[in-house]
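Next come the chains, spelled out residue by residue.
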Amino acid sequence: MNVHESEKLAGVLESKGYSVATSVEEADVIVFNTCAIRESAEQKIMGNIGALKSMKARHKDKIIAICGCMSQEEGMPEKLKAKFPFIDIIFGTLNIEDFAELLDKRVKEKKSIIQIASKSNIKKRDSMHVYRTSGVNAWVNIMYGCNNFCTYCIVPYVRGREISRDIEVIVKEVAELVGLGYKQITLLGQNVNSYGNDIDDPSVNFANLLRRIDAIDGQFWVRFMSSHPKDISHEVIDVIANSKHICHGLHLPVQSGSNEILRKMNRHYTREKYFSIIDYARKKIPDIEFTTDIIVGFPGETKQDYNDTLDLVQKVGYQNIFAFMYSRRTGTVADKMSDQIPINIKRKRIKKLLDLERDIASDISEKYVGKVLKVLVEDVSPKAEGVMIGSLNSGKAVSFYGDKSLQGRFVDIKITKSKLTTLFGELDKK
Ligand code: SAM
Ligand code: SF4
């Protein structure tokens, strides 16, 4: 989501004649698109902004702008301005579409601006030029905001309520991207399964959106994230099973394996319901692989709760997990819970969870060795010369010897070796 929003901000700059600078020193405009999901993200941003102080003092015309989730937090723009008086523009997640005007105003009036909106202008946002930076990958928002208020999460406070984009606009955008040669389209929303709930037409829903996108001609893959387990329907799984383009890798964030913690998180499903989704998806799509998000050390998480999470991870057998230590976020319900878990316990728990996942992921990788599989070639490897990286339909990463001319092509790769989550292979000559 943030990568894609940065592409929109870069699109504004490109439309105004700016080009990408090779260093911060050389840049005329520096935009921080911030994240507020965990405290560590905020601390990092603070450090990065602070580091620009002396440079800004030497080059007063350099424009420094801050936007994103952190600037949308209540009281944060004032706090940022007090801490870093040299910031030129502060705007929020709900008015990124105003960036062009804010920039013009700052250049003309030479005064700093704080402008945080409480409502987005989706039509204006839809017409923003996007400077796409992700090679064969293109991101497409299908909705903005979140209605779920999981008790640990700051997103609903900084991104507002759910707003679904017009289905025709989305389908047209995807068709254009496919026409331009993008091979992997990722549909974005905090909970894609509730797409259309705010639109007064029952036919506008996620299953139908997937059907419409799947009917587009061309050679491309479609992914989506994130899918809330409380809302994913059998219909959506059936659509994936019968589709040509929708990938067989499903990101289904579980957060915890304990029913008591899931209740305290306000997630509205149980581990039994979660297992039933996994079982249904495996029955309909035998080669499906799952990834997930997990939080350890949520307030009140007992040893037994944590063991339930380990047990769930073991039983599902995830291809990959994104694990986080619970981080207190001001204004959320969980921040006020009394039984906060000490950091040393959180550290131990995340380490053991990641160790377990490493073993599971290695076993899953092993089963691919010797097979010939279709791979979308994404980019040159940043690690070794003459090596390309790509992904399987399930989303698993594959490295193989090859040259840049293969980028954006679907090729057959014989998997020769596996290491943790990554596979290694060679072009199949047959
Ligand atoms: N909307 C997505 C969903 O419901 O799965 C998640 C979006 S959030 C940006 C990504 C992940 O960050 C969440 O799935 C959760 O695991 C994690 N997260 C959110 N708030 C957190 C917090 N306060 N502490 C630690 N991790 C958090
Ligand atoms: Fe946060 Fe829950 Fe919304 Fe995801 S669904 S963004 S975790 S509140």
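Residues numbered from 1 in each chain as written. Chains lettered and ligands numbered in written order. Predicted model: local features only at pLDDT ≥ 70, side-chain atom pairs only at ≥ 80, totals over all residues. Heavy atoms only, no water.

Draft legend 1. Spotlight on the overall build of the chain. Tallying secondary structure elements over the chain gives 15 helices and 17 strands in all. Radius of gyration (C-alpha) of the chain: 22 Å, near the 22 Å computed for a compact globule of 430 residues. Projecting the C-alpha coordinates of the chain onto the three principal axes gives extents of approximately 65 × 55 × 50 Å. Evaluated residue by residue, the chain yields a buried proportion of 53% over its 430 residues. Partitioning the intrachain contacts of the chain with sequence separation of at least 6 by distance along the chain shows that 73% fall at a separation of at least 24. Carbon and sulfur atoms make up 52% of the accessible area of the chain, which amounts to about 20,200 Å² in all. Considering the chain, the positive charge centre built from 64 side chains and the negative charge centre built from 56 side chains are found 4 Å apart. (Helix = DSSP H or I, 4+ residues; strand = E, 2+ residues; numbered from the N terminus. Rg over C-alpha atoms; globule rule 2.2 N^0.38 Å. Buried < 20%, exposed > 50% of the residue type's maximum accessible area, 1.4 Å probe, protein only. Contact = heavy atoms within 4.5 Å. Areas by Shrake-Rupley, 256 points an atom, 1.4 Å probe, with all protein chains shown as cover. Lys, Arg positive; Asp, Glu negative; His and termini not counted. Charge placed at Lys NZ, Arg CZ, Asp CG, Glu CD.)

Draft legend 2. Spatial organisation of helix 6 (residues 99-109). Within helix 6, burial applies to F99, L102, L103 and R106. The arc enclosing the buried residues of helix 6, seen along the axis, measures out at 100°, which places them on a common side. (Arc of directions from axis to C-beta.)

Draft legend 3. Representation of the site of ligand 1 within the structure. Within the structure, ligand 1 sits among 15 residues, and Q190, P253, Q255, D293 and S327 are positioned closest to it. A distance of 3.0 Å separates a nitrogen atom of ligand 1 from a polar backbone atom of Y152. In the model, an oxygen atom of ligand 1 is placed 2.7 Å from a nitrogen or oxygen of the Q255 side chain. For ligand 1, whose free accessible area comes to 570 Å², the fraction covered by protein is 88%. (Near = heavy atom within 4 Å. Polar contact = N/O pair within 3.5 Å; in protein donor to acceptor, adjacent residues only side chain to side chain.)

Draft legend 4. The side chain of N33, seen in detail. Within the fold, N33 resides in strand 1 (residues 29-34). Here N33 falls in the buried class, since its relative accessible area comes to 19%. A polar contact is formed between the side chain of N33 and the side chain of S6, at a distance of 3.0 Å. Once residues lying within four places of it in the same chain are set aside, the contact partners of N33 are N2, E5, S6, L9, C67 and G68.

Draft legend 5. Focus on the sheet that holds strand 5 (residues 137-141). Ordered in space as 5-8-9, the 3 strands form an open sheet in which the pairing is parallel. Two strands lie at the open edges of the sheet, namely strand 5 and strand 9 (221-225), each paired on one side alone. The mean inter-strand angle of the sheet, taken between neighbouring strand axes irrespective of direction, is 25°. Lying over the sheet, helix 1 (residues 2-15) contacts strand 5 and strand 8 (184-188), oriented at roughly 90° with respect to strand 5. (Pairing = 2+ DSSP bridges. Axes fitted to C-alpha atoms, helices over the stretch in contact; angles between N-to-C directions.)

Draft legend 6. The pattern of salt bridges, seen in detail. Tallied over the full model, the rule gives 25 salt bridges. Taking the shortest distance from any N to any O, the salt bridge between D88 and K56 comes out at 2.7 Å. Taken together, the positions of D88 in the loop between helix 5 (76-83) and strand 3 (89-91) and K56 in helix 3 (residues 53-58) put the pair 32 residues apart, joining distant regions of the chain. Comparing D88 with K56, the two get one shared label, buried. Because the salt bridges share partners, they merge into one network encompassing E7, D126, R132, R165 and E173. (Salt bridge = Lys/Arg side-chain N within 4 Å of Asp/Glu carboxyl O.)

Draft legend 7. Seen up close, the packing of helix 10 (residues 206-214) against helix 11 (residues 234-241). Put simply, helix 10 and helix 11 touch, their axes get as near as 9 Å, and they point 10° apart. Between helix 10 and helix 11, the angle falls in the class roughly parallel. Helix-helix and strand crossings are classified by hand; for helix 10 and helix 11 the assignment is left-handed. Note on element contacts: helix 11 touches helix 10 through E235, V236 and V239, opposite F206, A207, L210 and R211. Broken down by class, the residue content of the contact of helix 10 with helix 11 amounts to 5 nonpolar, no polar and 2 charged. (Parallel < 35°, antiparallel > 145°, perpendicular 65-115°, else oblique. Left-handed = near helix turned anticlockwise from the far one by under 90°. Nonpolar A, V, L, I, M, F, W, Y, C, P; charged D, E, K, R; others polar.)

Draft legend 8. How the structure looks around the packing of aromatic side chains. On inspection of all chains with the given rule, the structure shows 8 aromatic pairs. Seen in terms of ring centroids, F91 and F99 are 5.2 Å apart; in terms of plane orientation they differ by 10°. Their pairing is stacked. For F99, a relative accessible area of 0% gives the class buried. For the pair Y269 and Y274, a centre-to-centre distance of 6.3 Å together with 35° between the ring planes defines the contact as tilted. (Phe/Tyr/Trp six-rings, centres within 6.5 Å; stacked < 30°, edge-to-face > 60°.)

Draft legend 9. Representation of the sheet that holds strand 12 (residues 320-325) in the model. With parallel pairing, the 3 strands of this open sheet are ordered in space as 10-11-12. Edge strands, defined here as strands with exactly one partner in the open sheet, are strand 10 (249-251) and strand 12. Neighbour-to-neighbour, the strand axes of this sheet turn through a mean angle of 15°, independent of strand direction. Summarising the sheet, strand 11 (residues 289-296) and strand 12 pair through 6 bridges and their orientation is parallel. Its bridge partner lying in strand 12, I295 is registered against F324.

Draft legend 10. Examining the nonpolar core more closely. The biggest cluster of nonpolar side chains holds 73 residues, and the ones touching the most others in it are I185, L187, F206 and I213. Every residue in contact with I185, bar those within four places of it in the chain, is listed here: A138, V140, V174, L177, V178, F220, W221, V222 and R223. Judged by nonpolar contacts, the second largest core, of 17 residues, contains F32, M46, I49 and L80. (Core = buried A, V, L, I, M, F, W, Y, C linked by side-chain atoms within 4.5 Å.)

Draft legend 11. View of the environment of K16. For K16, the location among the structural elements is in the loop between helix 1 and strand 1. The partly exposed category is assigned to K16, whose relative accessible area is 34%. Sequence separation between K16 and K315 is 299 residues, and the spatial gap between their C-alpha atoms is 53 Å. Those residues in contact with K16 that lie beyond four places of it in its chain are A100, L103 and D104.

Note that all results are geometric; they support no functional claim without further evidence.
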